[in-house]
Amino acid sequence: MKYAVEQIQSEIKSLLEDALQKARMEGKIKFTQIPEYIIEVPREKIHGDYATNLAMLMAKEARMAPRKIAEIIVKNIENASSKIEKIEIAGPGFINIYLNKSWLLPVLPLIEEMGDDYGKVNIGNGKKVQVEFVSANPTGPMHMGNARGAALGDSLASLLETAGFNVSREFYINDAGNQIENFGLSLEARYLQLLGHEAEIPENGYHGEDIIEHMKEIIKTEGDRFLHEDSQKRREFFVNYALNKNLDKIKKDLKNFGVEFDVWFSEKSLHESGKLQQTIDILKQKGLTYEKDGALWFAASKFGAEKDEVLIRQNGIPTYFAADIAYHKDKLDRGFEEIIDIWGADHHGHVARMKGALEALGYDPERLKVIIIQLVRLYRNGELARMSKRTGKAVTLADLVEEVGKDAARFFFNMRSADTHLDFDLDLAVSKSADNPVYYVQYAHARICSILRQVEERGIKIPSAEEAYLELLEEPSEIELLKKLAEYPEEITRSAQKLEPYHLTRYAMELASLFHTFYNSCRVITDDQKLMGARLVIIKGVKQVLKNTLTILGISAPERM
RNA sequence: GCGCCUAUAGCUCAGCGGAUAGAGCACCGGCCUCCGGAGCCGGGAGCGGGGGUUCAAUUCCCUCUAGGCGCACCA
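Residues numbered from 1 in each chain as written. Chains lettered and ligands numbered in written order. Predicted model: local features only at pLDDT ≥ 70, side-chain atom pairs only at ≥ 80, totals over all residues. Heavy atoms only, no water.

1. Some details on the protein's contact with RNA strand B
Close to RNA strand B lie 63 residues; R313, H348, Y443, R447 and R523 are nearest. Per the 4 Å cut-off to the protein, sugar and phosphate atoms form 62% of the nearby atoms of RNA strand B. H348 places a side-chain nitrogen or oxygen 2.3 Å from a base nitrogen of RNA strand B. Side-chain polar atom of T517 to a phosphate oxygen of RNA strand B: 3.1 Å apart, as the coordinates give it. Elements with a contribution of two residues or more to the surface near RNA strand B: helix 2 (54-62), strand 4 (94-99), helix 6 (178-194), strand 9 (295-298), helix 16 (437-457) and helix 18 (502-521). Here the surface near RNA strand B takes 8 residues from helix 16, the largest share from any one element. Grouping the constituent residues of the surface near RNA strand B by class yields 24 nonpolar, 20 polar and 19 charged. (Near = heavy atom within 4 Å. Polar contact = N/O pair within 3.5 Å; in protein donor to acceptor, adjacent residues only side chain to side chain. Helix = DSSP H or I, 4+ residues; strand = E, 2+ residues; numbered from the N terminus. Nonpolar A, V, L, I, M, F, W, Y, C, P; charged D, E, K, R; others polar.)

Structure representation (C-alpha cells):
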C-alpha cells in the first residue's frame, strides 16, 4: 500500500526528471547527472503544495540561470499529469507545483481501511533494535530526569515500532557496585539509630526519608535481631529487602506512567554469570589493558576517549564502567542490530569511552546510539528549585503523575527535543489549567466523539469512505485537514529516522488546530445528506489519526472530557 | 584548561541549506437563536557578536561571548 504523499512525490519526481531528459535530448540543456534535490511542502501555502529546488541545483553544471532551467522543465511538464492544477516558477528558481484535490481524497479510504495501522511504515524492515532507558538507580525514587527519559524512551520505542522496527524496551538495574555498598551502610546506620544506637551515615550515603521508612518496616517485621548479627550479613539482608521494595515501586510508578519494559536486566547478574570477567579478559588478551597503581586500566584513549579508564580498582572491585562494557557487549551478542541508550546529560562523558570500548571489543561502535537528554529544571513560584534525590524533598515521578496526570506529563516531556534544557514549571503543570496543550489535542478528539455520538443518537448512518461523496469537500479548512492527514506517514518516517518523537506532539497540535478551525467554519450535522456524509468521513479520519499519534506518545484519546 | 548541550518575538519553543523566519502563552479587539467557548477570527516585535563555505546560511565550518552539564579507583 502506497501512501498518497509518497505516491505524489514519486510522481512529481518522474515528471521532473522526464522533463529534463527530454530537454537534454532536444539539446536545450546539458548535464551528465541529476543532482540530489528535494521535493518539499513549502512553508508558505502560497508557494504551492510542493516545491523543488532542482533548477537551482542544476545551475552550476548546466551553466544556465536557474530560472531559465526552471522554464525548460516547466514547459516540458505542462499538462503531463491530470493531478497538477498549475505549475510555476518563483523566486530564484523554485518550481512550485499546485495540485488539484484528486490526489488527496484517497487518503480517507486509506485511513478507514488501515485504522490503527495508518501511519505504519517500513523503514525498519523488522530490524532488531533495543531501547534502554530510565535505568533509574534502584536505591531511591525516580526523579524528573528519569521521568523525562521514561517519556522519551517509551514514545521513541513505540515510534520505532510504528516505523517497522522490532523493538525491545529494557531497564538496566544498577544493583551492584559502590553505591549499593553505600546504600547498605546507610540502611544499617538508620537501623541502628532507630534502635537507639550510635551510628553515622557514610559521607556519600543516602539521607532520604525512604531509608528510614525501609528500616522501620524491617524493625516491625524482624525486630532487633540484627543488632548482634554480622554487619556484612545484615547489610545484605537490608539491601536485598530495600532494593526489591524500591524496584516494585519503580515498576508500579512506571506502569502508572504508561511505561512497561520487556526486559529488566540486572547488573549483578553480569558479575555472577562471569560475563563481566570474560569481557575484561578479552580486553586483556587484546593487550588493551595495563596495570597502574594497583588497578587495571583500559586504554580508552586509543579509541577516541579523552583518557584511560579504570576497570578494576585497587581493592579488586570492578568499576561501573567495566560492568557497563560487559552489559553493552551482551546487548549486541543478544542479536540487536542497533542499541539505543537514553542517558542524562551528566553521563555524556561516558559516550566516547563506551563507544571506544565496543570498538576495542571488535564491534562497530555505530551500532550504539546514545541520546543525551539535557537536564530538567524545576521551577516553583518562578524560582529554580534544585532537585535532590537525597534530601527527600525532590518531586518524584510518582508525585508528578499524581499531580498533573500521566497524559499532561508525557505530552510536556515530549514537546521539546532531547537536547534542549527543559524548564518544567511545576505550578503550571500542577494546575489543571487550559494552558496545557495536551487538553487542546484531547479536546479535538473528544469533540469529534461528541459529534459522532449525536449522529448515532439521531439514527444517521455514517457512510463508508468509499460510499461518501468526498468530492464535496472543498472548503479551505477541509483541504488543509486532508493535507495534514496525508502527511502523517511522512511525519512518522522523519521522526523515526531522527529518533525524535517530539515532532509528533507538534503534529498532534497542528492537526487539532486545523480541526478546530474546520469545526468553526463548517457544520458537520446538516440537512445536506451528501455533504454531511463526506464531513463525517473526514472527522472520523481526524479522530483516527489523532488517536494513532497520541497512542505512540502514550497519551489517552478520551471520548469525553 | 578540555569536552558535550544551548543561545530565534516580552516568556516557552519550532524551523528537515532555500522564497516575506513560524506556533503557543501573555497583551488588545471581535465571534455562540446552531454539532462541546477546554474553541475560533484579527492585531506587534526577533535569528548573541565576528569571520568563512555556498548561486543561497537561523540551518554547515571556525572563532568569540553568555548559560547549563561533565572531566573520580561515583554511578
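Next, the rest of the story.
2. A few points about the confidence of the model for chain A
Within chain A, residue pLDDT values average 90, and 96% of them lie at 70 or more. Taken as a whole, residues 387-392 scores under 50 in pLDDT and shows 19 contacts with residues more than four places along the chain or in a different chain. Both scores are available for the predicted complex, with the pTM at 0.93 and the ipTM at 0.94. (pLDDT = per-residue confidence, 0-100. Contact = heavy atoms within 4.5 Å.)

3. Focus: the pattern of salt bridges
Once their charged atoms are close, side chains differing in charge can pair, the charge on each being opposite to the other. Summed over all chains, the structure comprises 35 salt bridges. Where K406 meets D407, a salt bridge forms, and the shortest distance between an N and an O atom there is 3.7 Å. K406 gets classed as partly exposed once you look at its relative accessible area, which sits at 25%. Exposure remark for D407: the relative accessible area of 15% places this residue in the buried category. For R494, the salt bridge is made with E491, and the minimal N-O distance between the two is 3.8 Å. With a gap of 3 residues between them, R494 and E491 both fall in helix 17 (residues 476-498), about one helical turn apart. Several salt bridges share partner residues, and in doing so they unite D154, E161, R169 and R410 into one network. (Salt bridge = Lys/Arg side-chain N within 4 Å of Asp/Glu carboxyl O. Buried < 20%, exposed > 50% of the residue type's maximum accessible area, 1.4 Å probe, protein only.)

4. With respect to the pairing of strand 11 (residues 338-344)
The element strand 11 is largely enclosed, with a buried count of 6 among its 7 residues. Pairing of strand 5 (residues 128-132) with strand 11, which is carried by 4 bridges, proceeds in the parallel orientation. The residue bridging V131 from the neighbouring strand is I340, located in strand 11. With helix 12 (residues 349-360) bridging strand 11 and the parallel strand 12 (residues 368-373), this β-α-β connection has right-handed handedness. (Pairing = 2+ DSSP bridges. Right-handed = clockwise from strand over helix to strand, strands pointing away.)

5. With respect to helix 19 (residues 529-553)
Taking 1.5 Å per residue, 25 residues should reach 36 Å; helix 19 reaches 36 Å between its end C-alpha atoms and fits that length. Within helix 19, 19 of the 25 residues are buried, which leaves it mostly tucked inside the rest of the structure. The residue sitting at the N-terminus of helix 19 and contributing the capping side-chain oxygen is D528; that oxygen lies 3.3 Å from the backbone nitrogen of K530. Residue G554 follows helix 19 closely and has a positive phi angle near 75 degrees. (Expected span 1.5 Å × (residues − 1).)

6. Some words on the side chain of H503
With respect to the element layout, H503 can be found in helix 18. When its relative accessible area of 8% is taken as the criterion, H503 is described as buried. Looking at H503, its side chain comes within polar contact range of the side chain of E500, at 2.8 Å. In this structure, H503 is in contact with E491, R494, S495 and K498, ignoring residues within four places of it in sequence.

7. As for the sheet that holds strand 11
Read across the open sheet, the 5 strands follow the order 7-6-5-11-12; overall the sheet is parallel. Each edge of the open sheet is held by one strand with a lone partner, namely strand 7 (263-266) and strand 12. Geometrically, the sheet is characterised by an average inter-axis angle of 25 degrees between neighbouring strands, direction not taken into account. Strands in contact with helix 5 (residues 144-162) are strand 5, strand 6 (166-173), strand 11 and strand 12; relative to strand 6, the strand with the most contacts, it is inclined by about 160 degrees. Packing of helix 11 (residues 320-333) onto the sheet brings it into contact with strand 5, strand 6, strand 7, strand 11 and strand 12, and relative to strand 11 it is tilted by some 145 degrees. (Axes fitted to C-alpha atoms, helices over the stretch in contact; angles between N-to-C directions.)

8. A look at the packing of aromatic side chains
By the definition in use, this model includes 20 aromatic pairs. Residues Y118 and Y488 carry aromatic rings whose centres are separated by 5.8 Å and whose planes lie at 25 degrees to one another, so their mutual orientation is stacked. Taken together, the residues Y118 in the loop between helix 4 (107-114) and strand 5 and Y488 in helix 17 connect sequence positions 370 residues apart. One exposure class covers both Y118 and Y488, and it is buried. Look at Y191 and F238: their rings are 4.9 Å apart centre to centre, the planes differ by 45 degrees, and that puts the pair in the tilted class. In this pair, Y191 sits in helix 6 while F238 sits in helix 8 (residues 231-256), placing the two residues 47 residues apart along the sequence. By relative accessible area, which is 0% here, F238 ends up buried. Through pairs of rings, three or more aromatic residues link up here, namely F133, F171, F261 and W264. Taking the ring centre of F321 as reference, the NZ or CZ of R353 above it sits at 5.5 Å. (Phe/Tyr/Trp six-rings, centres within 6.5 Å; stacked < 30°, edge-to-face > 60°. Lys NZ or Arg CZ within 6 Å of the ring centre and 35° of its normal.)

9. Section: the sheet that holds strand 8 (residues 289-292)
Strand order in the open sheet formed by 3 strands is 8-9-10, with antiparallel pairing between adjacent strands. Looking along the sheet, the strands with just one partner apiece sit at the ends: strand 8 and strand 10 (309-312). Averaged over all adjacent pairs, the angle separating strand axes in this sheet is 45 degrees, with direction ignored. Pairing geometry for strand 8 and strand 9, over 4 bridges, is antiparallel. Paired with T289 across the two strands is F298, which belongs to strand 9. In this fold helix 11 packs onto strand 9 and strand 10, with an angle of close to 80 degrees to the strand it touches most, strand 10.

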